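Descriptive analysis of the structure
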Amino acid sequence: MTDVINGASKDERIKPVSPLRRALIRPELGGICGTILVFLLFAIVAGDSGMFAAEGVMNWTVVSAQFMVIAVGACLLMIAGEFDLSTGSMIGFSGVMMAILSVHLGVPLWLSIIATFVFCVFIGAVNGWLVIRTGLPSFIVTLAFLYILRGLTIWGSVYFTRQTIIGGVGEKAAGDWLAPLFGGKILTGLFSWMGEAGWIATFTRGNRAGQPVIDGVPMLVVWAIVLVVFGHWLLTRTKFGNWIFASGGDPLAARYVGVPVNRVKILMFMFSAFCACVFATCQVMEFGSAAADRGLLKEFEAIICVVIGGALLTGGYGSVIGAALGAIIFGVVQQGLFFANAESSLFRVFLGVILLTAVIMNTYIRRIITGER
Amino acid sequence: MTDVINGASKDERIKPVSPLRRALIRPELGGICGTILVFLLFAIVAGDSGMFAAEGVMNWTVVSAQFMVIAVGACLLMIAGEFDLSTGSMIGFSGVMMAILSVHLGVPLWLSIIATFVFCVFIGAVNGWLVIRTGLPSFIVTLAFLYILRGLTIWGSVYFTRQTIIGGVGEKAAGDWLAPLFGGKILTGLFSWMGEAGWIATFTRGNRAGQPVIDGVPMLVVWAIVLVVFGHWLLTRTKFGNWIFASGGDPLAARYVGVPVNRVKILMFMFSAFCACVFATCQVMEFGSAAADRGLLKEFEAIICVVIGGALLTGGYGSVIGAALGAIIFGVVQQGLFFANAESSLFRVFLGVILLTAVIMNTYIRRIITGER
Amino acid sequence: MTAIVEMRNIQKHFGHVIALAGVSFDIRPGECHCLLGDNGAGKSTFIKIMSGVYKPSDGEVLVEGTPTPFHSPRDAMAAGIATVYQDLAMIPLMSVSRNFWMGREPERGIWPFKTFDTSKADEITVTEMRKMGINLRGPDQAVGTLSGGERQTVAIARAVYFGAKVLILDEPTSALGVRQTANVLSTIDRVRKQGIGVVFITHNVRHALAVGDRFTVLNRGQTLGTAERGTVDAAALQDMMAGGQELALLESSLGGTI
Amino acid sequence: MTAIVEMRNIQKHFGHVIALAGVSFDIRPGECHCLLGDNGAGKSTFIKIMSGVYKPSDGEVLVEGTPTPFHSPRDAMAAGIATVYQDLAMIPLMSVSRNFWMGREPERGIWPFKTFDTSKADEITVTEMRKMGINLRGPDQAVGTLSGGERQTVAIARAVYFGAKVLILDEPTSALGVRQTANVLSTIDRVRKQGIGVVFITHNVRHALAVGDRFTVLNRGQTLGTAERGTVDAAALQDMMAGGQELALLESSLGGTI
Amino acid sequence: DGEKFVWISHGPDSDSWFNVIKNAIKVTNEQMHVETEYRNPPTGDLADMARIVQQSSAAGVDGIIVTIADYNVLEGPIKDAVAKGIPVVTVNSGTVEESQKLGALLHVGQPEYEAGLGAGKRAKEAGVKSFVCVNHYITNPASVERCRGFADGIGVELGNQMIDSGIDPSEVQNKVKAYLTANKDTGAILTLGPNSAEPSIRAVKEMGLDGDIYFGTFDLSSEISAAIKDGTINFAIDQQPFLQGSIPIQVLTNYVRYGVAPANSIFTGPGFVTKDNIALVESLAGQYR
Ligand SMILES: Nc1ncnc2c1ncn2[C@@H]1O[C@H](COP(=O)(O)OP(=O)(O)OP(=O)(O)O)[C@@H](O)[C@H]1O
Ligand SMILES: Nc1ncnc2c1ncn2[C@@H]1O[C@H](COP(=O)(O)OP(=O)(O)OP(=O)(O)O)[C@@H](O)[C@H]1O
Ligand SMILES: [Mg+2]
Ligand SMILES: [Mg+2]
């Protein structure tokens, strides 16, 4: 009988496959190659423009961090098999809601922030619930919310403030305990020490002469790193992460073995809304104002980052690290073109081409992983 | 043996279903009910605002006709199982291309129009070819073209004319043989006769007092009707229409029985591009100018019309009449809110809600048609 | 009598999966050639090559003696091969009549205004379906509302109606009740009498024996040879399908424990 | 000996399709109860009710004598029912180890930082798969790269590993070669000896007879009764599955023509 | 020679108004022998614009020209640039006080609210009591400021009188018609640029209201100047974008080269273009006006 058992492990119908090729293959391979290529490219065309000096690095880091924050939410949601077109509208909505509450209705800022987060995450849950209950594609449901939320944002800001931009959040933030979590900077001591030590450039003129050009790491970057680490940990290291993959890969199969697919999907819609809120709050705290047009088309940009990073639009496959690399590519290309003095309208052309090539390349990689089908 | 044959037609495992319910059920039922509801609603809230006088009717007819033109293309493409996010960018692109060719490069207008149509339909084919060849979802491929085309449009108009609005097409159109096909009006004689005869209202105020309020039917409306009739005929009355349904319903099954699925899909991408071009050309001829930002978000509006009209986002099911009704609903709601003096930013909220309810209703109807699954 | 279609030493690889490792097969006019085999033996893959859906990795297809590579299902149809697929090739959201005619719609009128002749299509559909023993509620009933057996019958009626020299049926009886099965089997018989070659795929030995003239057994991508009617019985076929001696070996190894 | 799970007069309707028209069934500890039936007989539907995927339209499920309605697969699992589904319930893009543990991942660490204990999971997966005779390239190999037989074995290994009082196998041998089949059958035997009840679904009578203690035959949503081991032979079972006398009738009607 | 400046606007790529600016930059670059880059956030997102300011100071340009689209958003980045010793000139929207608070050399432009207010006062003189403000870019704060100023100038509440028209010309035209049909006693139309003005002109003409309804607009284009001539439009507020594009470059060049700069801010508008002075501007409208 041992003979029978050993024999079972071989199947004469399977051809052997090179193990070397397998070793190279991972979902984020496309993202890694893309990142290297993009950095090389800009090192050549914009190497001497200050893009890779401390200040320039901080510039594209902040932009990439922005994309990263929403890309993490979109990535986990996409792996769970859904996507969210209402992200951009949610960014506009949450910023305006927060500003109206604090500036116009006199609610303390910390309470406004918390109320906004709670409400937006609730709307995320409504999105998810509708998708689950009606069985409609998330494209349709979230498209409806794209319009509904943007409409409410404009109407609300005009109704309450007769303006579509609401300032004055900056004053409210002063002395608030929660605001620095989104708008502050960390490591300021380190940077001023580095400035004194001559490690980084300092201002040479003007009334801040002697201070370092970068005075700290904005909380936005911290949030981006925290979310990426959290997302990656959640996805690859926890039970729940396994459920996310399962829900996107084959919801029926997952449900049969007891994975609470509906709960997973709704939670991911909520997480995506949460990320949009983090984005909006950081922006409002940094700039001190909210505007009704914030976040326009950000949903596409988040999806593009995620897809460039190797995730599958139909779910069940992808990586948060990949999405983060996608965000870096997006940010570096966008800012790099400014540094390289390229015509800014060509940015879109560039972006479209990168998207297409990245996706074609990722498809090829994925086919190898899943056994050429 | 006759006994065996007769017996075969009964299956004791099938419960009977009411034939009455079946008689009512058609893909455009949702669209029909929606249209009736919307008209009733506005008859109540805006009945005395002139919305249903000759001029008001022409007003929302023109807006609906615009939506109809792109909805027909989107509808056939969606039934064939794909969709096109680049429609809006294509509208901007074709208008600008036409204007640059005729105004700035001195090509005769008729030739510019023809060249633009040929080139845009070619881009549609490229879209389709990429979708077929790479096997990528059309969402990704056409999203890339959304960016690429918009980028090229802005770059091109700035490069050639140093402006993003290109005027002067009006002068070129004078005397051109092809321009009136897109920018003219028909039945002008009939309307002035009707005005004289008192059948329709005449202006009472201003410097056109005495003339009929409507002086003809714009070619845009004619195009919309022609395209709807053509689309409906193609889909329901021809062999090719059957192939469109088959390609969207189950491409593999269709390919097995010899339907040239790839050709059908590519042709539908081309038709969608053609419709976008008709839209753009009518607008350029009517207004005499092209602008790089025309058509923004029109792809979503087209998809919304089609989906409200009962088509299935995943293909294989839908109706051109339904899409046309969807366009009417869209147009009437948008204009009706102005007639009713509602806060105009709430239009978006209204639209989102209509979209959701219409789709949920359509899903219910479709479940009945396909046997409750 | 020469074969209408002959397949010589067909191989098919999907990536690193070898689905067919060299199968030969032929079909003559007026005979019913049964292709038997367990699940995953490669039956469906084989007949998909025969009907032009897949291209063989190696091997030849001969139509009436001349090598004829098929580049698409249309080529195979043109060569007179009609197929009823296991996965049915029916589109549930479309009406019976539209499904019936899919890919070969009758037309009416002159060129730019040629229309799908729906009245003719509907009429023929209803008649053909009645011949097969199915009374439709109407030709515009969606296929999705039909039972599995009814759908199968539409597919067969379609293939039969479009004539062809070879009719391939991939497990046509698997979703059917006994009565519909009887119907299909007698249809096979009727078709065969018209001089058409029928390839009948099944893993039900009894159905095969009821109508088959010759029997080819596939096992894990390889053919175990072809037998004439009368030279084999049910038990022998069943043994070949399940891997014959190997299973006997297994039973003895389990024997002690059960 | 009382039954672990008893199903009484189960009915199931899908819209206007009646998939099950009143089926009763029970499973006792340490026995292998075979559920036989042709394609579409309702076997898969029946065991999906047994494992909480569908709710019955009518009828009762009793676990150890008490009526226990299952609201979700988790309820059935909690009651000790493990199922290997026909459509495998495997996700091709995920690794073997992740698939193996899906829904019951082992964890490590304290609450907010509980992690999926991958090293333990991988180790057990490799060991369990080796026990079933599959040598994995690594536990992080995607299921999509496994052969059908290997995938099936992962599913069985998973169900066996998670113990349970009743193990349901829906056509576990249909995609397997003879050797893997032998393996599965001897696994069934091994599992049964541990006092677990096994529900073995198949339409291969030979496989059923090799390990079954009792045999229930479904035909078009209805049960044709349960037979003990030794009271039936292969031919009788085959006849019941295919609709027995009805087919005989058919053969005589065809008889004249063939 | 060859100093590098950047001219940072808030207009999206497709915005037509900033074209005149671009043309002015080109001309001035040649005149002054400097290199000035025009930069803008592609979608008009002001947060992106702030990044561009930061990026420019990182790239170490010799001077920055920037619109104060929103004081709050741009405050930080501009102050950082000033602190780095980069001379800054603010242009277009924003006020002189804001400019001074930011530490800019001076402001060249037209305050939006005041421009709207001036226009409103003009309309009030003509006896206008109600109006419709056709806002084709409602999400842009400056657009709402103009409508608010106009309402305050007339002395009425803004309320529902601002419509969100979108940019599709047929939709704009028909929305204006719908509004005018439903509100027959509307006294005036204010449009905020060529995007809303051109379709509104057609709407007014088609309804036979040209000359009858009081019509004001911001900015110029060839179609707008034609409408001024034929009396459809009563006035266009011209903020002379050419000057906004050109003067800051001249100021910065002289400041960098010779350390001299004007003492006061420069207003390029609001200049009212009417039938009387149209002949002067007409020929260059859209390119240099
Ligand atoms: N497109 C494909 N890619 C990879 N492997 C495939 C593909 N199609 C079939 N196979 C494999 O080829 C083998 C033969 O499959 P096939 O469907 O031909 O079997 P079959 O005899 O028709 O079985 P059944 O009785 O279940 O219909 C199986 O192992 C299957 O997994
Ligand atoms: N979700 C569903 N909706 C409608 N009908 C269904 C559904 N699931 C199963 N059926 C029908 O119920 C009947 C029994 O199907 P089931 O899958 O249980 O058969 P089976 O005995 O497992 O067949 P097989 O041997 O092919 O696996 C079939 O007629 C099938 O079409
Ligand atoms: Mg098969
Ligand atoms: Mg089954």
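Structure report, in brief. Because the structure is a prediction, the values reported are computed rather than measured. (Residues numbered from 1 in each chain as written. Chains lettered and ligands numbered in written order. Predicted model: local features only at pLDDT ≥ 70, side-chain atom pairs only at ≥ 80, totals over all residues. Heavy atoms only, no water.)

Here we come to the sheet that holds strand 9 (residues 214–218) of chain E. All names here are of chain E. Pairing within the open sheet is mixed, and its 6 strands lie in the order 7-6-8-9-10-12. Either end of the sheet is taken by a strand with one partner, and the two such strands are strand 7 (162–164) and strand 12 (271–273). Across the sheet, the axes of successive neighbouring strands diverge by a mean angle of 20°, strand direction being ignored. Here 3 bridges tie strand 9 to strand 10 (residues 235–238), and the two strands are oriented parallel to one another. The partner of Phe218 across the bridge, within strand 10, is Ile237. Together, strand 6 (131–135), strand 7 and strand 8 (188–191) form the strand contacts of helix 7 (residues 169–182), whose direction differs from that of strand 6 by roughly 160°. (Pairing = 2+ DSSP bridges. Helix = DSSP H or I, 4+ residues; strand = E, 2+ residues; numbered from the N terminus. Axes fitted to C-alpha atoms, helices over the stretch in contact; angles between N-to-C directions. Contact = heavy atoms within 4.5 Å.)

Moving on to the arrangement of the chains. The two units chain C and chain E never meet; even their closest C-alpha atoms stay 34 Å apart. Separating chain D from chain E is a minimum C-alpha gap of 35 Å, and the two share no contact.

Right, let's talk about the side chain of E:Gln173 for a bit. Within the secondary structure layout, E:Gln173 lies in helix 7. Look at E:Gln173 and you get buried, because its relative accessible area is 3%. Those residues in contact with E:Gln173 that sit more than four places away from it in its chain are B:Glu286, B:Phe287, E:Pro199, E:Arg202, E:Ala203 and E:Glu206. (Buried < 20%, exposed > 50% of the residue type's maximum accessible area, 1.4 Å probe, protein only.)

For the rest of this paragraph, the subject is the pattern of salt bridges. Residues and elements named next belong to chain D. All told, the structure shown has 39 salt bridges over all chains when counted by the stated rule. Put simply, Glu171 and Lys43 hold a salt bridge, and the shortest N to O gap is 3.8 Å. Here Glu171, found in the loop between strand 9 (166–170) and helix 6 (178–193), pairs with Lys43, found in helix 1 (residues 43–50); they are 128 residues apart in sequence, far enough to count as distant. Of the two residues, Glu171 and Lys43, neither departs from the other in class, the shared state being buried. (Salt bridge = Lys/Arg side-chain N within 4 Å of Asp/Glu carboxyl O.)

Quick look at the relation of the copies chain B and chain A now. Between chain B and chain A, which share one sequence, the superposing operator has a rotation angle of 179° and an axial displacement of 0.0 Å; the RMSD is 0.3 Å. Expressed as a symmetry operation, the mapping of one chain copy onto the other fits a two-fold axis. Taken together, the interface assignments show that 100% of the residues at the interface of chain B recur at the interface of chain A, consistent with an identical surface on both copies. (Least-squares fit on C-alpha atoms with pLDDT ≥ 70 in both.)

This part takes up the environment of E:Lys79. Residues and elements named next belong to chain E. With respect to the helices and strands, Lys79 occurs in helix 3 (residues 71–83). Sequence separation of Lys79 and Met49 is 30 residues, and the distance between their C-alpha atoms is 14 Å. The residues contacting Lys79, other than those within four sequence positions of it, are Tyr71, Lys101 and Leu102.

Counting residues at the interface gives 41 residues for chain B and 41 residues for chain A. Counting each side, the surface lost to burial between chain B and chain A is near 3600 Å², with a carbon and sulfur contribution of 87%. Put simply, chain B and chain A have 0 salt bridges between them. Linking chain B with chain A are 0 residue pairs in polar contact (both at pLDDT 80 or more), by the criterion used here. The set of elements that each furnish at least two residues to the side of chain B that touches chain A consists of helix 6 (109–134), helix 7 (138–161), helix 15 (298–308) and helix 17 (346–369) of chain B. (Buried area = accessible area lost by both parts, 1.4 Å probe. Polar contact = N/O pair within 3.5 Å; in protein donor to acceptor, adjacent residues only side chain to side chain.)

All names here are of chain A. On the surface, Trp110, Leu111, Ile114, Val118 and Trp177 cluster together into a nonpolar patch covering about 490 Å² of accessible area. Topologically, Trp177 is positioned in the loop between helix 8 (169–173) and helix 9 (180–183). Classification of Trp177 as exposed rests on a relative accessible area of 57%. (Patch = residues over 30% accessible without salt bridge, like charges linked within 9 Å, V, L, I, M, F, W, Y side chains within 5 Å. Areas by Shrake-Rupley, 256 points an atom, 1.4 Å probe, with all protein chains shown as cover.)

Residue and element names in this part refer to chain B. Where burial is concerned, most of helix 12 (residues 239–249) is hidden: 8 out of the 11 residues are buried. Along helix 12, the positions that sit buried rather than exposed are Gly241, Asn242, Trp243, Ile244, Phe245, Ala246, Ser247 and Gly248. The backbone nitrogen of Phe240 lies 3.3 Å from a side-chain oxygen of the residue at the head of helix 12, namely Thr238.

This next bit is on the pairing of strand 3 (residues 32–37) of chain C. Within a regular strand, the side chains alternate between the two sheet faces. Residue and element names in this part refer to chain C. Across the 6 residues that make up strand 3, a large majority, 6, are buried. Neither face of strand 3 is open: one carries Cys32, Cys34 and Leu36, the other His33, Leu35 and Gly37, and all of them are buried. Alignment of strand 3 against strand 10 (residues 197–202), held across 5 bridges, turns out to be parallel. Residue pairing for strand 10: Leu36 is matched across the bridge by Thr202.

A few words now on helix 14 (residues 261–287) of chain A. Residues and elements named next belong to chain A. With 27 residues, helix 14 extends 39 Å between its outermost C-alpha atoms, agreeing within 8% with the 39 Å of an ideal straight helix rising 1.5 Å per residue. The buried count for helix 14 comes to 21 of 27 residues, which makes it a mostly enclosed element. Once helix 14 ends, the next one or two residues include Gly288, with phi positive near 75°. (Expected span 1.5 Å × (residues − 1).)

The next thing to look at is the nonpolar core. By size, the foremost hydrophobic cluster in this structure holds 280 residues, and its most contacted members are A:Phe139, A:Met285, B:Phe139 and B:Met285. If near-sequence neighbours (up to four positions away) are discounted, B:Met285 is found in contact with B:Met98, B:Leu109, B:Ile113, B:Val169, B:Ala173, B:Ala179, B:Phe182 and B:Gly183. Within the second largest apolar cluster, 41 residues are counted, among which are D:Ala82, D:Leu136, D:Val205 and D:Val217. (Core = buried A, V, L, I, M, F, W, Y, C linked by side-chain atoms within 4.5 Å.)

Positive phi outside glycine occurs at A:Leu187, with the angle close to 65°. By the element assignment, A:Leu187 lies in the loop between strand 2 (185–186) and helix 10 (188–196). A relative accessible area of 45% means that A:Leu187 is categorised as partly exposed. If you check the backbone angles, C:Asn9 has positive phi at about 55° while not being a glycine.

Residues and elements named next belong to chain C. With respect to burial, strand 11 (residues 214–219) is a largely interior element, 6 of its 6 residues being buried. Burial along strand 11 is two-sided: the residues Arg214, Thr216 and Leu218 and Phe215, Val217 and Asn219 are all buried. Taken together, the 5 bridges between strand 3 and strand 11 define a ladder with parallel strand orientation. Across the sheet, Cys34 pairs through a bridge with Phe215, a residue of strand 11.

Here we come to the packing of aromatic side chains. Centre-to-centre distance and the angle between the planes together describe a pair of aromatic rings. Residue and element names in this part refer to chain B. Per the stated rule, a full pass over the model turns up 62 aromatic pairs over all chains. Pairing Phe52 with Trp60 gives two aromatic rings, centres 6.4 Å apart and planes at 65°, and the pair type is edge-to-face. Given a relative accessible area of 11%, Trp60 falls into the buried group. Arranged with centres 5.1 Å apart and planes meeting at 20°, the rings of Trp155 and Tyr159 form a pair that is stacked. A residue pair is termed a helical-turn pair when its members lie 3 or 4 positions apart in one helix, as Trp155 and Tyr159 do in helix 7 at 4 residues. Looking at Trp155, the relative accessible area reads 27%, which means it is partly exposed. (Phe/Tyr/Trp six-rings, centres within 6.5 Å; stacked < 30°, edge-to-face > 60°.)

Quick look at the sheet that holds strand 4 (residues 88–92) of chain E now. Residues and elements named next belong to chain E. Spatial strand order, 2-1-3-4-5-11: 6 strands in an open sheet with parallel pairing. Edge strands, defined here as strands with exactly one partner in the open sheet, are strand 2 (35–39) and strand 11 (266–267). Note: strand 1 (residues 4–8) against strand 3 (residues 63–67), 4 bridges, orientation parallel. Residue pairing across strands places Trp7 opposite Ile65, the latter belonging to strand 3.

All names here are of chain A. Helix 16 (residues 320–339) packs onto helix 4 (residues 54–79) with a crossing angle of 145° between their chain directions and a minimal axis gap of 7 Å. Read as a crossing pair, helix 4 and helix 16 show a hand that is right-handed. Contact residues: helix 4 offers Gly56, Asn59, Trp60, Val63, Ser64, Phe67, Met68, Ala71, Val72, Cys75 and Leu76, while helix 16 offers Val320, Ala323, Ala324, Ala327, Ile328, Phe330, Gly331, Val332, Gln334, Gln335 and Phe339. Per-class residue counts for the contact of helix 4 with helix 16 are 16 nonpolar, 6 polar and no charged. (Left-handed = near helix turned anticlockwise from the far one by under 90°. Nonpolar A, V, L, I, M, F, W, Y, C, P; charged D, E, K, R; others polar.)

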